[in-house]
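# What the coordinates show
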Amino acid sequence: MTKIQVEVEADTRPFEAALDDLKQLSDAFGAQLTGAMKSAAMSGRSLDDVLRRIGISLAGMALSTGLAPMQELGSSMFSSFADLLKRALPFEKGGVVSSFAAGGVVSSPTLFPLGSGLGLMGEAGAEAILPLSRGADGRLGVATGGGAAPVNIVFNVTTPDAQSFRKSEAQVTGMLARAVSRGSRTF
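Since the model is a prediction, treat every value here as computed from it, not as a measurement. Along every chain, residues carry numbers that run from 1 in the direction the sequence is written. Residues qualify for local features only when their pLDDT is at least 70, as the model is predicted, and side-chain atom pairs are given and counted only at 80 or more; totals for whole chains, interfaces and linings, by contrast, use all residues. As a convention, hydrogens and water are excluded, and side-chain values are obtained from all of the structure's heavy atoms.

On to the overall build of the chain. Secondary structure summary: the chain contains 4 helices and 6 strands in total. To qualify as a helix, a DSSP run of H or I must reach at least 4 residues; to qualify as a strand, a run of E must reach at least 2; elements of each kind are numbered from the N terminus. Element order for the chain, N to C, with α for helix and β for strand: α-α-β-β-β-β-β-β-α-α. Split into buried and exposed, the 187 residues of the chain put 9% on the buried side. Contact criterion: two residues are considered in contact whenever any of their non-hydrogen atoms come within 4.5 Å of each other. Contacts in the chain between residues at least 24 apart in sequence constitute 21% of all its contacts with a sequence separation of at least 6. Carbon and sulfur atoms make up 60% of the accessible area of the chain, which amounts to about 15500 Å² in all. Residue exposure (1.4 Å probe, protein chains only): buried if accessible area is under 20% of the type maximum, exposed if over 50%, otherwise partly exposed. Only the protein chains shown count as cover for residues, with accessible areas throughout obtained via the Shrake-Rupley method and a probe of 1.4 Å.

With that settled, the discussion passes to the confidence of the model for the chain. Within a predicted model, pLDDT stands for the predictor's per-residue confidence, ranging from 0 to 100. Chain-level statistics for the chain give a pLDDT mean of 75 and a share of 82% at 70 or above. Ranking the helices and strands of the chain by mean pLDDT puts strand β4 (residues 127-129) first, with 86, and helix α2 (residues 47-88) last, with 73.

Right, let's get into helix α1 (residues 13-43). Given a helix with a known number of residues, its expected span is that number minus one, times 1.5 Å. Helix length check: α1 (31 residues) gives 44 Å between terminal C-alpha atoms against 45 Å at 1.5 Å per residue, within 8%. Within α1 the residues assigned to the buried category are Ala36, Ser39 and Ala40. Gly44 occupies a position one or two residues after α1 and carries a positive phi of about 80°.

What follows covers the pairing of strand β2 (residues 110-114). Pairing between strands requires that DSSP locate at least two bridges from one strand to the other. As judged from the 5 bridges shared by β2 and strand β3 (residues 117-121), these two strands associate in the antiparallel manner. Note that in β3 the partner of Phe112 across the bridge is Gly119. If you look at the hairpin formed by β2 and β3, you'll find 2 residues sitting between the two strands, and Gly115 has a positive phi there, around 60°.

Its place among the elements puts Ser168 in the loop between α3 (162-167) and α4 (169-185). A 3.5 Å cut-off defines polar contacts: any pair of N or O atoms within that distance qualifies, except that in protein one atom must be a possible hydrogen donor and the other a possible acceptor, and neighbouring residues in sequence count only when both atoms are side-chain atoms. A polar contact of 3.1 Å, which involves the side chain of Ser168, links it to the backbone oxygen of Phe165.

The next subject is the environment of Ile54. Within the secondary structure, Ile54 is located in helix α2. The class for Ile54 is buried, based on a relative accessible area of 7%. The spacing of Ile54 and Ala36 is 18 residues in sequence and 7.0 Å in space, taken between C-alpha atoms. In contact with Ile54, not counting residues within four places along its chain, are Phe29, Gln32, Leu33 and Ala36.

With that settled, consider a nonpolar patch on the surface. Residues with no salt bridge and a relative accessible area higher than 30% make up the patches, which join like charges within 9 Å and nonpolar side chains (Val, Leu, Ile, Met, Phe, Trp, Tyr) within 5 Å. Salt bridges are identified by distance alone: a Lys or Arg side-chain nitrogen within 4 Å of an Asp or Glu carboxyl oxygen. A contiguous nonpolar surface patch, about 400 Å² in accessible area, is contributed by Leu130, Leu132, Leu140 and Val142. Take Leu132: it is sitting in strand β5 (residues 132-134). Overall, Leu132 belongs to the exposed group, its relative accessible area being 53%.

A few words now on the side chain of Thr110. Within the secondary structure, Thr110 sits in strand β2. A polar atom in the side chain of Thr110 sits 2.9 Å from the backbone oxygen of Ser108.

The following block contains the structure:
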């Protein structure tokens with residue numbers, strides 16, 4: 001007969017932890033049983049009451065042990081959700097809230113609260129945020145920064161007759177367009 005010897009190397013820490021938990025539960029059960037018997041002997045309770053008390057105590061211990069993984073799962077899920085919010089919402093990153101009441105530019109994809117969900121801006125490149133205001137006619141539009149002074153252009157055209165004026169109309173229109181563009185660049 002030949003003997004075969006096999007050496008197995010394994011991580012037994014989870015098994016040892018389970019055995020430790022089982023030992024603690026059995027110690028608690030023994031303590032409950034001993035306490036119940038003492039109580040029955042000293043107070044004259046019936047065996048039925050003692051066994052009912054032991055059963056309720058054991059059920060409580062089993063429920064606590066059984067729900068422990070569920071509690072860890074719930075805690076882990078809440079922690080993961082909080083981490084997701086911190087990464088997803090830019091104002092969570094440093095507690096900084098950017099104000100765009102006077103306008104601004106968003107240059108990278110940014111999530112923002114929108115109704116009961118989230119909105120995404122800047123996903124296709126830089127986006128401008130512009131303040132809106134109502135005009136005198138009640139229409140909503142982009143607010144302009146202060147009123148620019150009106151541009152006044154005066155042309156004095158002197159011609160001997162109306163026919164000469166009609167012939168120079170294209171030249172006058174070109175001069176007017178150039179003057180307006182020069183005027184708009186200086187403001």
